[in-house]
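Here are the chains, one letter per residue:
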Amino acid sequence: MTLKTGLPDGEGADASDAKGNVERATASQRTLVWWAFKKHKLAVVSAWILIAMLVVIVLTEFVAPYGARHRDSEYTTAPPQVLKLWDTDGEDGFRWGLHVDGHVSEQDPRSLRITYEPDPDDRVEVGFFVKGDEYRLFGLIPWDRHLIGPKHHGDPMYLLGTTTDGQDLFSQIVYATRVSASVGIIGVLLAFALGIALGAVSGYFGGWIDNIIQRLIELFMAVPSIPLWLGIAAALPPHMGPVTRYFIITTILALVAWTGLAREVRGRFLALRSEEFVTSALLDGSGHGRVMFRHMLPSFSSHIIAALSLSIPSMILAETSLSWLGLGLRPPAVSWGVQLQDASKWSVLSNAPWLLIPGLCVVIAVLAFNFVGDGLRDAADPYKH
Amino acid sequence: MTEPLLEVNDLHVRFPVQRNLLGRVTVENHAVSGVDLTLRGGETLGLVGESGCGKTTLGRTIVGAQKATSGTIVYEGSELTSLKNRERGRYRRQIRMVFQDPFSSLNPRMTLRQIIGDPLIAGGEARGSELEDRVAEMMRRVGLSPDYMDRYPHAFSGGQRQRVNIARALIVGPKLVVADEPVSALDVSVRAQILNLLRELQEEFGLTYLFISHDLSVVENIADRVAVMYFGKIVELADTAELYENPSHPYTEALMSAVPIPDPSRRGRTGRVLLPDDLPDPTNPPPGCAFASRCRHTEAGRCDVGVVPLVEGLRCVRGGELELQGIVASETDA
C-alpha cells in the first residue's frame with residue numbers, strides 16, 4: 001500500500017527564496033538580536049553612552065586635560081569655567097576663539113572663604129590636541145597631547161571646577177570613570193565565570209550536585225552583604241597599594257554577586273535539559289561538557305549578556321558606597337565614591353555644588369547599563385514570535 | 001525468518017516519584033514493566049498505544065537516552081543495557097532516533113550544517129569540506145536543497161524540519177531507527193510525504209524501523225507488524241493486516257473502533273467500543289490484567305489475579321474465547 005503523493009524537493013522551500021527571506025533565514029541569532037535591539041531607542045542611546053565610557057576608560061590620560069597628580073593650590077574649590085566660543089572685549093571688539101575666562105579670587109578676611117569671580121580680561125585660550133602633562137598612553141607610549149586643554153601649559157582651565165585640593169574635577173572624573181566602571185565590569189565578569197560554571201553544573205546534572213550547590217548559594221545569600229563587605233574591607237591592611245586594593249575590592253564584590261547569576265543560569269539549564277535537542281545532542285555522541293557549552297549555553301547567551309549588563313550597576317553602586325564610606329578604594333586612587341567623599345560635608349556642598357557631579361556620573365552610568373540590559377533582555381529571544 | 005536485529009527481554013523502566021528522608025525510593029512509576037520484543041532486520045515494527053502507556057520510554061531506552069531499571073536489550077548479539085556510556089558509543093551510531101517534535105528537537109542557534117553534521121563532529125569523524133560534502137549528500141537524500149545548509153531551523157516548516165531530523169539520524173549510517181511519532185506534529189498532507197520518504201530510505205539503506213505512534217492509520221500504512229502497548233506491557237503483537245482485521249485483545253479492539261474510517265463499507269458492525277476512564281495507578285499496578293478495570297469482557301476470578309503472560313503475541317487469559325471486531329480490509333488492498 002503506497003500513498004499517492006509525489007516526493008517533493010522540500011515542500012514550501014520555494015516560498016522562502018525571496019531575497020529578504022534568505023537574509024532572515026541565514027541571519028544568525030546575533031543578527032536577529034541586533035535587529036530587535038535597534039528598535040529600543042533608549043537602549044541604543046544608552047549603548048552610545050557606554051561606548052563613550054569605554055573610550056574614556058581606554059584613553060583616560062588623553063581625554064583628561066590634566067595629569068592625575070596635577071594640583072593648583074591657587075585654585076581650590078573653584079567653580080566651573082564656562083567654555084566660550086567668542087568674546088567682545090578684545091581690542092577689535094568681537095573676536096572668535098575658544099577660551100575660558102580666568103578667575104579673580106577674593107578671600108573674606110572673617111570667614112576665610114574664597115570667592116571667585118570670572119575675569120573677562122583674563123582670557124585663557126583653549127585648544128584641542130594641546131600639549132600638556134606628559135603621560136604614557138596604554139601605559140606604554142609616552143605622549144603629552146590632550147584632547148582638550150589650555151593652549152599655554154599651566155594656565156587654569158577647569159571646566160567642571162576644582163576640588164577642595166585644587167585638582168581639576170573634570171580630569172579627576174575621567175580617571176575615576178576608569179576605576180569605577182572597570183570595577184563593575186571586571187567584577188561582573190568574575191562573578192559570571194563563577195556563576196555560569198556552578199549554575200551550569202547545578203542545572204544540568206541536577207540531583208545531589210544541584211542540592212549541594214543550591215544550599216551553598218543559599219548560604220552565601222544568607223550572609224548580609226553590607227557587613228560582609230565592611231568586615232572584609234576593614235580587614236585589609238591599610239598600607240596596601242592601590243592596585244592590589246582595587247583587585248581585592250573587585251573580587252569581594254564578585255564573591256557577593258555571583259549567587260544570583262548562578263541561580264539564573266541554573267534555571268535556564270534546568271529548563272533546557274528537557275528539550276529534545278539536548279537529548280539528541282547526547283545521542284549524537286557529545287560529551288556532557290560539549291552539550292553544556294556548545295549546545296545549551298549559546299541558546300541563552302543573549303540572556304546572559306542582558307543579565308550581565310543588568311548586574312553591573314549594582315557593582316558600581318556597591319563600589320561607590322564602599323569607597324564613600326572609606327572602606328573601598330582610598331586616595332590617591334580615584335573613583336566616583338572616593339570623589340563623593342569630598343562632597344559629604346554640608347559646608348562644602350553649599351559652596352561647591354559641582355563636587356556632586358561624580359554622583360551624576362554614577363546615576364548616568366547605572367541608568368545606561370540598565371537601559372542597555374533592558375533592551376538586550378527584550379531582544380534576547382528573537383524566536384518568540 | 002531473518003535473524004533478529006534487536007531483542008528486548010523483560011525490560012523494566014521505573015521512575016522514582018517519591019523518596020524518603022534517606023533518599024530511598026518509596027514510590028515508583030512503572031513506565032515500562034516487562035516488555036519482550038523482537039525486531040527483525042529490515043522490517044518496520046509499529047508500536048501503538050495511548051498516551052502514557054510507555055511507548056516513548058521504551059523507544060528512548062532502546063536508543064540509550066533512558067536507563068533501563070532491569071532486563072536486557074540485545075543488539076546483534078551484544079547486550080546494551082549493562083554498557084557504560086563510553087562503551088555504548090559504537091551502538092549510538094547503529095541505533096538512531098527521529099524525534100517527535102520537529103521544533104524542540106532542533107537547536108534554534110545552530111545552522112543545518114551544524115545540526116546534521118553534529119554526530120560526525122562529536123565523533124571526530126569528519127570536518128571541513130568532507131563534513132560539508134557528507135551533510136550536502138544527506139540533505140539531498142532527504143529532499144532538502146544543500147543550498148539551505150547555512151540556514152537556521154526557524155526558516156523551515158515542520159515537514160522540512162522533520163527531514164532535517166531524519167538526515168541527522170541517518171548521517172552516521174545506522175541500521176535501526178527508532179522513530180518516535182515522527183509525523184504526529186505534521187499536517188496531514190506533509191505526513192504522507194514524510195512517510196514515503198521513510199519508506200524510500202528504508203529500501204535504500206536497508207533500515208529497520210521501530211515506528212512509535214498513537215495514530216493507527218499511520219501505523220497501518222507503514223508497519224509490517226504491530227505491537228500494541230498498554231500500561232507498560234505489550235498486550236498484542238501481530239502482522240499488521242491480521243491485527244487490524246482480527247484483533248485478539250479487547251484493548252486492540254477498542255483502539256480499532258476508535259479509528260475514523262471514511263469508507264462506510266470498511267466500518268465494523270458493532271460501532272464504537274467506549275472505554276471507561278479508569279486507568280490503574282502506575283505507581284501501584286494491580287494484579288492480573290492491567291486492562292481488567294476497563295475491559296467489558298472481564299471475568300472476576302480469572303482476569304484480576306496472578307500474572308497474565310504474553311502467549312503467541314497475546315496477553316489475555318480469555319484469548320480465543322472472544323469474538324472481537326476489527327477493521328474490514330479495504331477492497332483495494334492486495
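Reading the values: the criteria
- Residues numbered from 1 in each chain as written.
- Chains lettered and ligands numbered in written order.
- Predicted model: local features only at pLDDT ≥ 70, side-chain atom pairs only at ≥ 80, totals over all residues.
- Heavy atoms only, no water.
- Pairing = 2+ DSSP bridges.
- Helix = DSSP H or I, 4+ residues; strand = E, 2+ residues; numbered from the N terminus.
- Contact = heavy atoms within 4.5 Å.
- Axes fitted to C-alpha atoms, helices over the stretch in contact; angles between N-to-C directions.
- Parallel < 35°, antiparallel > 145°, perpendicular 65-115°, else oblique.
- Left-handed = near helix turned anticlockwise from the far one by under 90°.
- Nonpolar A, V, L, I, M, F, W, Y, C, P; charged D, E, K, R; others polar.
- Expected span 1.5 Å × (residues − 1).
- Buried < 20%, exposed > 50% of the residue type's maximum accessible area, 1.4 Å probe, protein only.
- pLDDT = per-residue confidence, 0-100.
- Domains from an automatic or database assignment.
- Core = buried A, V, L, I, M, F, W, Y, C linked by side-chain atoms within 4.5 Å.
- Phe/Tyr/Trp six-rings, centres within 6.5 Å; stacked < 30°, edge-to-face > 60°.
- Salt bridge = Lys/Arg side-chain N within 4 Å of Asp/Glu carboxyl O.

Once that is clear, we can look at the sheet that holds strand S1 (residues 4-19) of chain B. Residue and element names in this part refer to chain B. Here four strands make up an open sheet; going across it, the order is S2-S1-S4-S5 and the pairing antiparallel. Each end of this open sheet is capped by a strand with a single partner; those strands are strand S2 (25-40) and strand S5 (78-79). The pairing of S1 with S2 spans 12 bridges and is classified as antiparallel. In the sheet register, Gln18 faces S2, and the bridge partner there is Val27. Each of S1, S2 and strand S4 (70-75) is contacted by helix H1 (residues 55-63), which is oriented at about 115° to S1, the strand it contacts most.

The next thing to look at is the packing of helix H3 (residues 41-58) of chain A against helix H14 (residues 357-379) of chain A. Residue and element names in this part refer to chain A. Two elements in contact, H3 and H14, have axes whose closest approach is 8 Å; the angle formed by their N-to-C orientations is 130°. When the axis of H3 is compared with that of H14, the two are oblique. Relative to H14, H3 is oriented so that their crossing is left-handed. Every residue of H14 that contacts H3 at Leu42, Ala43, Ser46, Ala47, Ile49, Leu50 and Met53 is listed here: Ile364, Ala365, Ala368, Phe369, Phe371, Val372 and Gly375. Split by residue class, the contact of H3 with H14 holds 12 nonpolar, two polar and no charged.

To continue, consider helix H11 (residues 301-324) of chain A. Residues and elements named next belong to chain A. Compared with an ideal rise of 1.5 Å per residue, which puts 24 residues at 34 Å, H11 spans 35 Å between its outermost C-alpha atoms and is within 8% of the ideal. By the criterion of burial, H11 is predominantly enclosed, with 17 of the 24 residues buried. Backbone geometry just after H11 places Gly326 at a positive phi near 85°.

What follows concerns the confidence of the model for chain A. Predicted coordinates in regions of low pLDDT should not be interpreted in detail. Looking at chain A, the pLDDT average stands at 80 and 91% of residues meet or exceed 70. Throughout residues 1-17 of chain A the model reports pLDDT below 50, and contacts reaching past four residues in sequence, or to other chains, amount to 40 contacts.

Domain annotation of chain A identifies domain 1 (81-157) and domain 2 (173-379). A separation of 40 Å is found between the C-alpha centroids of domain 1 of chain A and domain 2 of chain A.

Right, let's get into the nonpolar core. Ranked by size, the top nonpolar core spans 78 residues in total, and within it Phe192(A), Leu253(A), Phe269(A) and Trp336(A) carry the most contacts. For this core, the element with the most residues is helix H5 (residues 169-205) of chain A, which contributes 14 residues. Ignoring any residue separated from it by four or fewer positions in sequence, one finds Leu253(A) in contact with Val183(A), Trp229(A), Met315(A), Ala318(A), Glu319(A) and Leu322(A). Judged by nonpolar contacts, the second largest core, of 65 residues, contains Val172(B), Val218(B), Ala223(B) and Val308(B).

We now examine the sheet that holds strand S7 (residues 176-180) of chain B. Residues and elements named next belong to chain B. Spatial ordering of the open sheet is given by S6-S7-S8-S3-S9-S10, a layout of six strands whose pairing is mixed. Single-partner strands in this sheet number two, and they are strand S6 (95-98) and strand S10 (233-239). Within this sheet the neighbouring strands show an average axis-to-axis angle of 20°, counted without direction. The pairing of strand S3 (residues 44-48) with strand S9 (residues 225-230) spans four bridges and is parallel. By the bridge assignment for S9, Leu45 is matched with Arg225. Sitting on the sheet, helix H9 (residues 250-257) is in contact with S3, S9 and S10, with an inclination near 105° to S9.

What follows concerns the packing of aromatic side chains. The relation between two aromatic rings is expressed through the spacing of the ring centres and the mutual angle of the planes. All names here are of chain B. Within the structure shown, the criterion is met by 14 aromatic pairs over all chains. Ring geometry for Tyr148 and Phe156: centres 5.7 Å apart, planes at 65°, overall edge-to-face. For Phe156, a relative accessible area of 8% translates into the label buried. Aromatic pair Tyr230 and Phe231: ring centres 6.2 Å apart, planes at 35°, arrangement tilted.

Turning next to the packing of helix H5 (residues 158-170) of chain B against helix H6 (residues 188-205) of chain B. Residue and element names in this part refer to chain B. Two elements in contact, H5 and H6, have axes whose closest approach is 10 Å; the angle formed by their N-to-C orientations is 20°. The angle between H5 and H6 falls in the class roughly parallel. Note that H5 runs across H6; the crossing there is right-handed. Taken together, the residues of H6 that come into contact with H5 (itself represented by Gly159, Gln162, Arg163, Ile166 and Leu170) are Val190, Gln193, Ile194, Leu197, Leu198, Leu201 and Phe205. Looking at side-chain class alone, the contact of H5 with H6 contains eight nonpolar, three polar and one charged residues.

Next up on the list: the pattern of salt bridges. Scanning the model with the defined rule gives 22 salt bridges over all chains in all. Across the pair Asp118(B) and Arg290(A) runs a salt bridge, and its minimum N-O distance is 3.0 Å. Linking Asp118(B) in helix H3 (residues 112-122) with Arg290(A) in helix H10 (residues 288-296), this pair reaches from one chain into another. Through salt bridges with shared partners, a single ionic network connects Arg215(A), Glu218(A) and Arg263(A).

Residue and element names in this part refer to chain B. In this structure, the hairpin formed by S1 and S2 is closed by a connection of five residues, where Gly23 is found at a positive phi of approximately 85°. Sheet analysis places S1 next to S4, joined by five bridges and oriented antiparallel. Bridging from a neighbouring strand, Glu7 pairs with Val74 of S4.

What follows is about helix H4 (residues 128-141) of chain B. All names here are of chain B. In this model, H4 (14 residues) spans 20 Å end to end at C-alpha, consistent with the 20 Å of a helix rising 1.5 Å per residue. Three or more residues of H4 are buried, namely Leu131, Val135, Ala136, Met138, Met139 and Arg141. Buried residues along H4 sit in contact with H3, H5 and H6. Two residues or fewer after H4 comes Gly143, characterised by a positive phi angle close to 85°.

Sheet topology note: the strand S3 (residues 114-137) of chain A/strand S4 (residues 141-150) of chain A ladder contains eight bridges and is antiparallel. The residue bridging Gly127(A) from the neighbouring strand is Gly149(A), located in S4(A).

Next up on the list: the environment of Phe192(A). All names here are of chain A. Note that Phe192 resides in helix H5. Placed 68 residues apart in sequence, Phe192 and Gly260 show a C-alpha to C-alpha distance of 9.7 Å. Setting aside residues up to four positions removed in sequence, Phe192 forms contacts with Ala197, Leu261, Ile304, Ala307, Leu308 and Ser311.

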